[in-house]
Amino acid sequence: MSTGSFESWTGTITDIGPLYPFVGTELVLSIVGIVCWIGWHIWQYYFEKAEYEEEVKKCSVILEKRISEE
Amino acid sequence: MDNELASLGVIFTEFYYWVTVVFMFLIHAGFCVYEVGVSRRKNHMHTLMKNTMIIPLVTITFFYFGWWIYFAFPNGPGIVGGLLSAPWATPWSELMGPHMGGAPVSATLTTDDTAFWSRINGVFWAAFLLFSWTAASIVSGACIERIRSGGFWILAVLLGSFCWIIDAAWGWHPDGWMVQILGYHDAYASGVIHAIAGGFALGVLIVLGARIGRFKKDGTPRVIAPQNPWLVTIGLFLIYTGFWGFYAACNVPMIDVQAGDGVFFSATNIYLSPTSLSAITFNFLMSLSGGLLMAYVVSKGDAFWTYSGGLAGIIAASAGNDLYHPIQAMLVAAGGVFFMYKMHYWVERRFKIDDAVGAVAVHGYAGFYGVVMAGFMLWGYPTSPNPEYALITPWGNFIGAIIMFGVLGFLPGFIGATILNKFGMLRIPREIELVGLDVTTEILAEEESHAIVEAEKAYAHEVGLIK
């Protein structure tokens, strides 16, 4: 049993073709990859938005502190 | 791969591109270091992250669609023909992964194609990919200290995995429509990387606006000087070093260039016209020197502009650096640096553009100039070995420069930034800009530092060191 399309290097090498496991799943992998990419941007948008909203609340205090230090 | 000579040729080419990729990695390291050196301390970490995350985002999208665009779009599509088939470059192709050749994976491929692409696909993809990082990284520097990282990363994908690779398919492919019809010649990417990235940056900067305090009320610019000149120096030297890999990656290292029955092996440029590594080594160093010399003069010895001018000099001569005499390369570079320096300050004063690192000038104006100059200097030369394609002309390269800087650079940058701005995804809140992007990191560090001191005091009490 092998997850790849070959179990030995002894045959004609060019007959092996793809070396990676689960040959035949390339289209599914591509779809998963593209979903992960778009999902990352969506997650990052909400993460950044929340981060800035939180930081803006602290800004005036920090600015006043910096001015008083100077 | 069944005879020793053919195998040597393919495996040498595979190794050649692999080495260029390693060198080109230094360009990105250089841009990261350089941007941090220019940014103010309150923005260091965000500046670094903004540029670093170009790497994964542009890489995966260049895998998903960028690579395919290069081979599918040389005809436009719709300008001189339709979409071309590129079965080795789709993300679901077997050849976009570890492969030993053999039976074709597509009806449009031969066994020889499969043997070739199974070896070359990954390294050739990576060489183009590193150009994509560079294009996005050029824009990154221009926008520091006020752009939202999320918005920038969307723009980075738009430029790095879409716009620039369309221009490569059109004007940096042996059969691109611009090569066929315009005789467009841009051997080392003055236009296809630098002018497009500079134009894109300008489009973004117009929408993004200047940093708070950058211009006086009457419009006079204030200088926000580079914060760490040593980091800027190291960054630019890394970029110079990586640029060697960039130049080598623009070549095909070894093919038979003799038409007819004869045999003559040579390196070629991307259009498959003969050149040599020796030629580009002469011209790389002479154009770097011409750029440095002129930048020193025109900026009156300013270190920031002298270093940047070295880079701009190479960029200004790159379009024709496969064919120029080294002294021509030096003079063309010097002219380009004078032009880009004057343009930078004129645009800054006239339009209040805050380009934090001079990216639009160094890459955009110098790149545009480089393409136009190559049209004059190489007037009547063949850009392609195909005798049916147009010869190089000033007007062909001038139209090409407008396409690179304006149509594929400035317009997508301006439109993309305008859309992001409408959704509030372009500029950081003004409050954050004032206190600095690293505000959370700084607060956390301060709190942690305070907590550690308190813990140490408590321990000292506990063991009786203090009362």
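Conventions we followed
Residues numbered from 1 in each chain as written. Chains lettered and ligands numbered in written order. Predicted model: local features only at pLDDT ≥ 70, side-chain atom pairs only at ≥ 80, totals over all residues. Heavy atoms only, no water. Helix = DSSP H or I, 4+ residues; strand = E, 2+ residues; numbered from the N terminus. Rg over C-alpha atoms; globule rule 2.2 N^0.38 Å. Buried < 20%, exposed > 50% of the residue type's maximum accessible area, 1.4 Å probe, protein only. Areas by Shrake-Rupley, 256 points an atom, 1.4 Å probe, with all protein chains shown as cover. Lys, Arg positive; Asp, Glu negative; His and termini not counted. Charge placed at Lys NZ, Arg CZ, Asp CG, Glu CD. Domains from an automatic or database assignment. Contact = heavy atoms within 4.5 Å. Buried area = accessible area lost by both parts, 1.4 Å probe. Salt bridge = Lys/Arg side-chain N within 4 Å of Asp/Glu carboxyl O. Polar contact = N/O pair within 3.5 Å; in protein donor to acceptor, adjacent residues only side chain to side chain.

For the rest of this paragraph, the subject is the overall build of chain A. The helix and strand tally for chain A stands at two helices and zero strands. Against the globule reference of 11 Å for 70 residues, chain A gives a C-alpha radius of gyration of 26 Å, more extended than a compact globule. Considering only C-alpha atoms, chain A reaches an extent of 80 × 25 × 20 Å along its principal axes. For chain A, buried positions account for 21% of its 70 residues. Of the roughly 5100 Å² of accessible surface on chain A, 67% is carried by carbon and sulfur atoms. Charge-centre separation for chain A: the mean point of 5 positive side chains lies 15 Å from the mean point of 11 negative side chains.

All names here are of chain B. The domain boundaries assigned to chain B delineate domain 1 (9–428) and domain 2 (430–467). One C-alpha centre belongs to domain 1, the other to domain 2, and the line joining them spans 44 Å. The interface is formed by 12 residues belonging to domain 1 together with nine residues belonging to domain 2. Approximately 1100 Å² of surface area, both sides summed, lies buried where domain 1 meets domain 2, with 51% of it carried by carbon and sulfur atoms. The largest per-residue losses of area from domain 1 upon contact with domain 2 belong to Lys 42, Ile 212 and Ile 428, which jointly make up 55% of the total buried on that side. Counting across the domain 1 and domain 2 interface gives one salt bridge. Two residues, Glu 433 and Arg 427, come together in a salt bridge whose shortest N-O distance is 2.7 Å. For the pair domain 1 and domain 2, the number of links is 12 residue pairs in polar contact (both at pLDDT 80 or more).

We now examine unusual backbone geometry. Here the bond from B:Gly76 into B:Pro77 is cis, since omega is -10°, no more than 30 degrees from zero. On the secondary structure map, B:Pro77 appears in the loop between α3 (54–72) and α4 (111–142). The backbone phi angle of A:Phe22 is positive, close to 60°, even though this residue is not glycine. Among the secondary structure elements, A:Phe22 is positioned in the loop between α1 (13–16) and α2 (26–69). For B:Ala189, which is not a glycine, the phi torsion comes out positive at approximately 75°. Inspection of the secondary structure puts B:Ala189 in the loop between α6 (177–182) and α7 (190–208).

Taken together, the 29 residues of chain A in the interface contact 36 residues of chain B. Both sides of the chain A and chain B interface together cover about 2800 Å² of buried area, and 69% of this is carbon and sulfur. In this assembly, chain A and chain B are joined by zero salt bridges. Viewed at the interface, chain B and chain A are joined by six residue pairs in polar contact (both at pLDDT 80 or more). Elements represented by at least two residues in the side of chain A that touches chain B include exactly α1 and α2 of chain A.

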